[in-house]
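Here's the letter readout for the chains.
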Amino acid sequence: TSWVIEMLRQAAAIREADPASSRGKLAETLVELAIHEMRAGEYGACQGDLGRATAVLEAGLAAHLDDEEWKALLVQALVLKSGLAGKLADSGEALRLARQAATIEFADRATRLEMQLTVLDAFVTQLDLSGDLDGAVLEEKKILGTMAGNADLFASHRLDPLLQSDALLALAQLDLRK
């Protein structure tokens, strides 16, 4: 993992140094880097890279208001920041970031649902980390209800049908811990 982190840091530095480089690819690289840093317990570096990614994405969205990929990457960055804040026991910031991610709108129904599920999962994680298992169970049930209301997207494979089994497993694990 450490060599992956180092390679991603180098890739981000190259992209940042070249103004002609795609800002979207820079943000994507920073988000990927932050994921690996979080797994390695490098929370300070992760926080910094997510901050940089979010700033790049927010600036880019000013120029690309309707770009669904930029929006989806911003949701992912905000959810990661939310998870990091929760891990660092800052539940207020974690919930604020998840709520901010929830305000981003998508025209494509499948993308909208995928991002909605991502945000709901952030709420589940935060409630679980804060010890509110009942709240986490309720949010996980919202995820399952949302999936049931959009079963056609899973049946057509526009969204991965295995997400449903993942949500059921997560609910069962939460329920067993209650």
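Scroll up a little and you will see the structure.
For the structure given in this document, a descriptive report is provided here. This one's a predicted model, so the numbers in the text were calculated from it and none came from an experiment.

Topic: the pattern of salt bridges
Then, in step 1: Counted by the stated rule, this structure contains 10 salt bridges.
Then, in step 2: Here Asp 152 ties to Arg 109 by a salt bridge, and the two come within 2.7 Å at their closest N and O atoms. Residue Asp 152 is found in helix α8 (residues 151–155), and its partner Arg 109 is found in helix α6 (residues 109–129); the two are separated by 43 residues along the sequence.
Then, in step 3: What makes Asp 152 partly exposed here is its relative accessible area of 42%.

Observations concerning the side chain of Asn 150
Then, in step 1: Checked against the element boundaries, Asn 150 lands in the loop between α7 (133–148) and α8.
Then, in step 2: In this structure Asn 150 comes out as buried when scored by relative accessible area, which is 16%.
Then, in step 3: If sequence neighbours within four positions are ignored, Asn 150 has contacts with Arg 109 and Leu 113.

Description of the nonpolar core
Then, in step 1: Membership of the largest hydrophobic core comes to 50 residues, with the highest contact counts inside it found for Leu 57, Val 75, Ile 143 and Met 147.
Then, in step 2: For this core, the secondary-structure elements that each account for two or more residues are α2 (23–39), α3 (43–63), α4 (68–87), α5 (91–102), α6, α7, α8 and α9 (162–177).
Then, in step 3: When sequence neighbours within four positions are dropped, the list of residues in contact with Leu 57 reads Ala 27, Trp 70, Leu 73, Leu 74 and Ala 77.

What about α4?
Then, in step 1: With 20 residues, α4 extends 28 Å between its outermost C-alpha atoms, agreeing within 8% with the 28 Å of an ideal straight helix rising 1.5 Å per residue.
Then, in step 2: By the criterion of burial, α4 is predominantly enclosed, with 14 of the 20 residues buried.
Then, in step 3: N-capping of α4 is provided by Asp 67, with a side-chain oxygen placed 2.9 Å from the backbone N of Glu 69.
Then, in step 4: The positive-phi residue at the C-terminal boundary of α4 is Ala 89, with phi of around 65°.

Conventions we followed
- Residues numbered from 1 in each chain as written.
- Predicted model: local features only at pLDDT ≥ 70, side-chain atom pairs only at ≥ 80, totals over all residues.
- Heavy atoms only, no water.
- Salt bridge = Lys/Arg side-chain N within 4 Å of Asp/Glu carboxyl O.
- Helix = DSSP H or I, 4+ residues; strand = E, 2+ residues; numbered from the N terminus.
- Buried < 20%, exposed > 50% of the residue type's maximum accessible area, 1.4 Å probe, protein only.
- Contact = heavy atoms within 4.5 Å.
- Core = buried A, V, L, I, M, F, W, Y, C linked by side-chain atoms within 4.5 Å.
- Expected span 1.5 Å × (residues − 1).
- Polar contact = N/O pair within 3.5 Å; in protein donor to acceptor, adjacent residues only side chain to side chain.

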